[in-house]
Each structure stands twice: as C-alpha cells, then as structure tokens.
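Read off the chains here:
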Amino acid sequence: MNQVKEGKAIIEVEPKEIVDKKMPIFYNPHMKLNRDLTIYVLKHLAKDDWKIGLPLAGSGVRGIRILKEVSKKLEVTVNDKRRGFIDDVLKLCKLNDVEMNSFELDANLFLLQNKFDYVDVDPFGSPNPFLDLAVRSVRNKGILAITATDTSSLSGTYPKACIRKYWAKPKKDEKMHETGIRILIRKTQLIGAQHSIALTPMYSISQIHYVKVFFRVEKSKLKADEILKQHEIIDEAGPLWTGKLYDFELAKKIALESDERILQLIAVEAKDEKKIHDVHKLSKKYKVKQIPKFEKILKLTKGTRTHFSEKCIRTNKTEKELIKIIQQLS
Ligand SMILES: C[S@@+](CC[C@H](N)C(=O)[O-])C[C@H]1O[C@@H](n2cnc3c(N)ncnc32)[C@H](O)[C@@H]1O
C-alpha cells in the first residue's frame, strides 16, 4: 500500500498506474478539484451542526478532508456498497485521527434511511439512479452536490442517450459543455419539483471528465414553480435551465481559496453571467480571415472569458454587434 496525501487527509491506496472501477479502494487523484470544491463550498455555507452524507464515498477521502479542513464539529457519514468498506473506513479514521459513521448499503437505501444538510452524489457515470432519493434526503436550506461523468452524452456525442437519460436535446458545438450542464441542472430540478423541492444552482463547473453542480435545496412549492418557469429550448438545444449557474458571492469566496486558474475564471464569469458566444464559429460564418486577439475583443465588448470553452466569450453584445467588433479588429 502507498500512502497518499490529499489536502490534509492521508489515505492508503494500492499503487496502480491506471484509475479504473476495479480498483479495490477507488481513489482518483484527478478528481482532487472536485473534492476541493466540496471543501470550499462547505467552508462558506455549512453550519457547525450540519450532517454530511456521502452515499458513494469510494476511498472515503472526501469525508476525512471535510472533517480536517472544514470542521471537526460536522457529523460525517460515509457509505459505499463495496464489501470491506466499513473496515477500511475504521482504519482510515485511525490514520487521520477523526471519526466518521460508515455504512455498506446500496446508496439509495442509505439515502432513504437518513436525512442530511449536505449530500454529495459522486457516481461512476450518470447520477440518474440516485437523483430521486438524493433530492429527498437533503433538509430544507441544505446543499445537494451532483457530479456526472457521462459528459459525452450531455455534451452531444450521443444525442439519443442524452434525450433518453436527461430528457433534453444536446447540441455539439463550442457551447456544448454549458448546454450539457444546463440539461443536467434541469433534469435534477424536475426530480426536485415533483416533490415540491426547489433546486437553485449555487456553483457549477465543467471539466474534461465531469460536470458538478451545487444546489441550494428549498422545500417550497412556489419556488419549485419559479424554477420550472426558467426551463426553455435555446438554439434548438434543451429544454434546459436558463437561470444563473452561480451565486456570485460564493464564486468570489471560492476563488480566494485557491490559485487554480479555472476557479479564478469562474469568479469573473459568475459576476453577471453574460451570454456565451462562439468567436471562432462566428468568425468563420462571416468569413473573418484572422481572428483578432481575444484580449482586444474582450476589451471592446466588455466581455469575459468562460471556463466552458477557450473559443467562446461572454458578452452582453448581440451577435451582430460582436461580429462588427471582430471585423473592425481583424
Ligand atoms: C466514483 S466512485 C466515488 C468516489 C468518491 N466519491 C471520491 O470522492 O473519491 C463511486 C463509488 O460508488 C460505489 N458505488 C457504486 N454503485 C453504488 C451503489 N449502488 N450503492 C453504493 N455504492 C455504490 C463504488 O463502489 C465506488 O466506490
């Protein structure tokens, strides 16, 4: 076994070159930022008496990090159906000098039997099998975090799969990652709405292998109805969530926690969430020979970059105004 340090947690994992589902204890170092975000969100939104539920806990590292990096006062409960999980968690807790509750149940049974203030659904692939019980297991005003790693369905490589699994049409273009995350948000919100639960996105991120959204959970018929009014088809994609992806104050605080470029970028684009435009596609459409430097375009359009795509910008200018500026600069 190798000892690995992530944040303030120490875990023991078998040395393996390739991360796959068959690992005896599932630990994916490439998901560190996903776990970092759990820490940052809880640091800023959790109260000391919160109960934290991790239904698909893998190695348990996220739970250890929550206790060591957010607060030891939180009650953390981890679950994974893998045989031997409870014994491994006991060892892990000893190694890190913390205490967690642990279960070896199917995630849905675990979510049915417990109530939490924060639930983090981090599955292999789609979160679909767990959405219904996850939504219902979070207390009023708590936070639900949903990760999906089936990004190819959401972003349009497999449109039929997206329609079947997420009830919306994706679109494969430069804006596909934003479209995909908005499709996932709507699906999750629909599951919430059927239980009169409103799910408002507080923070969203799209990475190569996953998308993750943190929702504020509110038990309110009125608010659930308001959420549904913000589902639309945009540019032939969707229906999807057309509301905000971020709570700007939270995005600013998260950016101060780390110097990761993507988190800085998100804080900037979260400010007023201007519309995304694909500069490359637009330039091609209008036969612009040389695309001007992005910095120049951003200055004249009062725009920002977006973490969803290197080829897109966010601006309040219309497509016509934007192409005029691009043409002027080229
Ligand atoms: C992607 S890993 C979780 C990674 C972990 N959340 C982390 O932060 O490192 C998914 C985990 O879910 C577990 N799992 C898969 N299906 C499950 C189910 N139906 N109920 C409970 N655990 C399940 C697997 O054993 C695996 O450890």
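1. Re the site of the ligand
Working step 1: Neighbouring the ligand are 18 residues; Leu56, Gly58, Lys81, Ala107 and Asp122 lie closest to it.
Working step 2: Tallied by class, the residues present in the shell around the ligand amount to nine nonpolar, two polar and seven charged.

2. Some points on the domain arrangement of the protein
Working step 1: When cut into domains, the protein gives domain 1 (2-254) and domain 2 (275-329).
Working step 2: Computed over C-alpha atoms, the centres of domain 1 and domain 2 are 33 Å apart.
Working step 3: Taken residue by residue, the interface counts six residues in domain 1 and nine residues in domain 2.
Working step 4: Its residues placed into classes, the side of domain 1 that touches domain 2 shows no nonpolar, two polar and four charged.

3. What about the nonpolar core?
The tendency in soluble globular proteins is for nonpolar side chains to be buried side by side.
Working step 1: Ile143, Leu144 and Leu184 are the most contacted members of the largest nonpolar core, which has 77 residues in total.
Working step 2: When residues no more than four places from it in sequence are discounted, the contact partners of leucine 144 are Val119, Ala134, Val135, Val138, Leu199, Phe215 and Val217.

4. Some words on the sheet that holds strand β13 (residues 304-306)
Paired through their backbone hydrogen bonds, the strands of a sheet run either parallel or antiparallel.
Working step 1: One open sheet accounts for three strands, arranged β12-β14-β13; its pairing is antiparallel. Sheet topology places β12 (275-278) and β13 at the edges, where each strand pairs with a single neighbour. Between one strand axis and the next, the sheet turns by 45° as a mean value, whatever way the strands run.
Working step 2: Judged from the four bridges that link them, β12 and strand β14 (residues 309-315) form a sheet pairing that is antiparallel. Considered in β14, the bridge of lysine 275 is made with threonine 315.
Working step 3: The strands that helix α13 (residues 294-301) touches are β13 and β14; relative to β14, the one it contacts most, it runs at about 15°.

5. Thoughts on helix α8 (residues 176-193)
Working step 1: With 18 residues, α8 should reach 26 Å at 1.5 Å per residue; the first-to-last C-alpha distance of 25 Å fits that figure.
Working step 2: By the criterion of burial, α8 is predominantly enclosed, with 17 of the 18 residues buried.

6. Here we look at the packing of helix α10 (residues 248-257) against helix α11 (residues 261-269)
Axes are the key here: two packed helices are described by the angle between their axes and the distance separating the axes.
Working step 1: Relative to each other, α10 and α11 sit at 155°, their axes nearing to 8 Å. Relative to α11, the element α10 lies roughly antiparallel. Of the two elements, α10 crosses α11, and the hand of that crossing is left-handed. Of the residues in α11, those touching α10 at Ala251, Lys252, Ile254 and Ala255 are Leu263, Gln264, Ile266 and Ala267.
Working step 2: In the contact of α10 with α11, the residues fall into six nonpolar, one polar and one charged.

7. A short note on helix α2 (residues 61-70)
Working step 1: Across the ten residues of α2, eight count as buried, placing the element largely inside the fold.
Working step 2: Of all the residues in α2, the buried ones are Val61, Arg62, Gly63, Ile64, Arg65, Ile66, Leu67 and Val70.

8. Brief notes about the pairing of strand β1 (residues 2-6)
Working step 1: Of all five residues in β1, zero are buried, a share of ten percent or less.
Working step 2: Note that β1 and strand β2 (residues 9-13) share five bridges and pair antiparallel. When the sheet's bridge partners are listed, glutamate 6 is paired in β2 with alanine 9.
Working step 3: Following β1, the chain reverses through two residues before pairing antiparallel with β2; glycine 7 in that reversal takes a positive phi of roughly 55°.

9. A look at the environment of isoleucine 181
Working step 1: Tracing the sequence through the fold places isoleucine 181 in helix α8.
Working step 2: For the pair formed by isoleucine 181 and phenylalanine 308, sequence separation is 127 residues and the distance between their alpha carbons is 9.9 Å.
Working step 3: In this view, isoleucine 181 contacts Ser204, Ser206, Val211 and Val213; residues no more than four positions away in its chain are not counted.

10. A look at unusual backbone geometry
Working step 1: The omega torsion of the bond from glycine 238 to proline 239 falls at 5°, within 30 degrees of zero and hence cis.
Working step 2: Checked against the element boundaries, proline 239 lands in strand β11 (residues 237-241).
Working step 3: Residues other than glycine seldom take positive phi values, yet aspartate 235 does so here, at roughly 45°.
Working step 4: With respect to the element layout, aspartate 235 can be found in the loop between β10 (231-234) and β11.
Working step 5: By the C-beta count within 10 Å, which is 9 here, aspartate 235 ends up exposed.
Working step 6: Of note in this structure, glutamate 236 is not a glycine but carries a positive phi near 70°.
Working step 7: With respect to the helices, strands and loops of the structure, glutamate 236 is situated in the loop between β10 and β11.

Cut-offs applied
- Residues numbered from 1 in each chain as written.
- Predicted model: local features only at pLDDT ≥ 70, side-chain atom pairs only at ≥ 80, totals over all residues.
- Near = placed C-beta within 6 Å.
- Nonpolar A, V, L, I, M, F, W, Y, C, P; charged D, E, K, R; others polar.
- Domains from an automatic or database assignment.
- Contact = placed C-beta atoms within 7 Å.
- Core = buried A, V, L, I, M, F, W, Y, C linked by C-beta atoms within 7 Å.
- Buried ≥ 20, exposed ≤ 12 C-beta atoms within 10 Å, placed from the backbone.
- Pairing = 2+ DSSP bridges.
- Helix = DSSP H or I, 4+ residues; strand = E, 2+ residues; numbered from the N terminus.
- Axes fitted to C-alpha atoms, helices over the stretch in contact; angles between N-to-C directions.
- Expected span 1.5 Å × (residues − 1).
- Parallel < 35°, antiparallel > 145°, perpendicular 65-115°, else oblique.
- Left-handed = near helix turned anticlockwise from the far one by under 90°.

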